[in-house]
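Structural characterization, general
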Amino acid sequence: MSSTELNAMHGDHREWQSENAFWHDQLREWEREVGEAIGDLPKIEQALRGHERRLQTHAAAIRLYEQVAADHEHQLAELVHEGAPSAAGCTAHKHGKESRNHAQQRQVHEALKRTHHTFMAHWAMLLEALGAVET
């Protein structure tokens, strides 16, 4: 083996040692980042719990809205059955308010749906990235 070949092998070894040192530096940084991420787990749980509460609050608001709408429908049915057109003005005013309330419920629901779908898509990507999803 020539001295040129030996020098080339020594050069390879020095290059590999340098690269190994760089890899160790990267791994230390990655371990630090993972440690920080683990420290963020309570924040993630808090965000999940907050989202869960928003979903429950929205479900309760829908149930309340349904009850108000059902009461209004019942009143309308009674008016029709009794043939009381004189109360139609009051009922029309109440119906306009109910229509605005329904539009507001629709906006809240659509905003919550967008937030939820975004949240769950990111969650799925995170689980996949962590290898936590079984295929």
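Residues numbered from 1 in each chain as written. Predicted model: local features only at pLDDT ≥ 70, side-chain atom pairs only at ≥ 80, totals over all residues. Heavy atoms only, no water.

**Quick look at the overall build of the chain**
When helices and strands are tallied, the chain shows three helices and zero strands. Counting from the amino terminus, helix and strand elements in the chain follow one another as α-α-α. Compactness check: the chain gives a C-alpha radius of gyration of 32 Å against a globular reference of 14 Å for 135 residues, more than 25% above the reference. Along the longest, intermediate and shortest principal axes, the C-alpha atoms of the chain span 115 × 25 × 25 Å. Counting only residues that meet the buried cut, the chain has 8% of its 135 residues in that class. Pairs at least 24 apart in sequence give 67% of the contacts found in the chain among residues at least 6 apart. As presented, the chain carries roughly 11200 Å² of accessible surface, and 60% of it is formed by carbon and sulfur atoms. Computed over 14 positive and 21 negative side-chain charges, the separation of the two mean positions in the chain equals 11 Å. (Helix = DSSP H or I, 4+ residues; strand = E, 2+ residues; numbered from the N terminus. Rg over C-alpha atoms; globule rule 2.2 N^0.38 Å. Buried < 20%, exposed > 50% of the residue type's maximum accessible area, 1.4 Å probe, protein only. Contact = heavy atoms within 4.5 Å. Areas by Shrake-Rupley, 256 points an atom, 1.4 Å probe, with all protein chains shown as cover. Lys, Arg positive; Asp, Glu negative; His and termini not counted. Charge placed at Lys NZ, Arg CZ, Asp CG, Glu CD.)

**Re the packing of aromatic side chains**
Counted by the stated rule, this structure contains one aromatic pair. Measuring from centroid to centroid gives 6.5 Å for Phe119 and Trp123, while their planes differ by 10 degrees, and the two rings are stacked. Residue Phe119 and its partner Trp123 are both found in helix 3 (residues 88–129); the two are separated by four residues, about one turn of the helix. (Phe/Tyr/Trp six-rings, centres within 6.5 Å; stacked < 30°, edge-to-face > 60°.)

**Topic: the pattern of salt bridges**
Scanning all chains against the criterion turns up seven salt bridges. Among the salt bridges present, the one from Lys43 reaches Asp40, with a minimum N-O distance of 3.4 Å. Residue class for Lys43 comes out exposed when judged on its relative accessible area of 56%. Put simply, Arg49 and Glu52 hold a salt bridge, and the shortest N to O gap is 3.7 Å. Placement of both Arg49 and Glu52 in helix 2 (residues 41–82) is noted, with a separation of three residues, approximately one turn of the helix. (Salt bridge = Lys/Arg side-chain N within 4 Å of Asp/Glu carboxyl O.)

**As for the layout of surface pockets**
Taken as a whole, the largest pocket holds about 180 Å³ of empty space. Lining the largest pocket, in full, are Ala37, Ile38, Leu41, Ile44, Trp123, Leu126 and Leu130. Listed by contribution, the elements that provide at least two residues to the lining of the largest pocket are helix 1 (3–39), helix 2 and helix 3. Considering only residue class, the lining of the largest pocket consists of seven nonpolar, no polar and no charged. (1 Å grid on protein atoms, 1.4 Å probe; cavity = no way out; pocket = protein on both sides within 12 Å on 5 of 7 lines; lining within 4 Å. Points joined across faces, edges and corners; volume = space filled by probe spheres on them. Nonpolar A, V, L, I, M, F, W, Y, C, P; charged D, E, K, R; others polar.)

**What about a nonpolar patch on the surface?**
A contiguous nonpolar surface patch, about 410 Å² in accessible area, is contributed by Val34, Ile38, Leu41, Ile44 and Leu48. Elements with a contribution of two residues or more to the nonpolar patch: helix 1 and helix 2. When residues in the nonpolar patch are grouped by element, the largest group, three residues, is from helix 2. Here Leu48 lies in helix 2. (Patch = residues over 30% accessible without salt bridge, like charges linked within 9 Å, V, L, I, M, F, W, Y side chains within 5 Å.)

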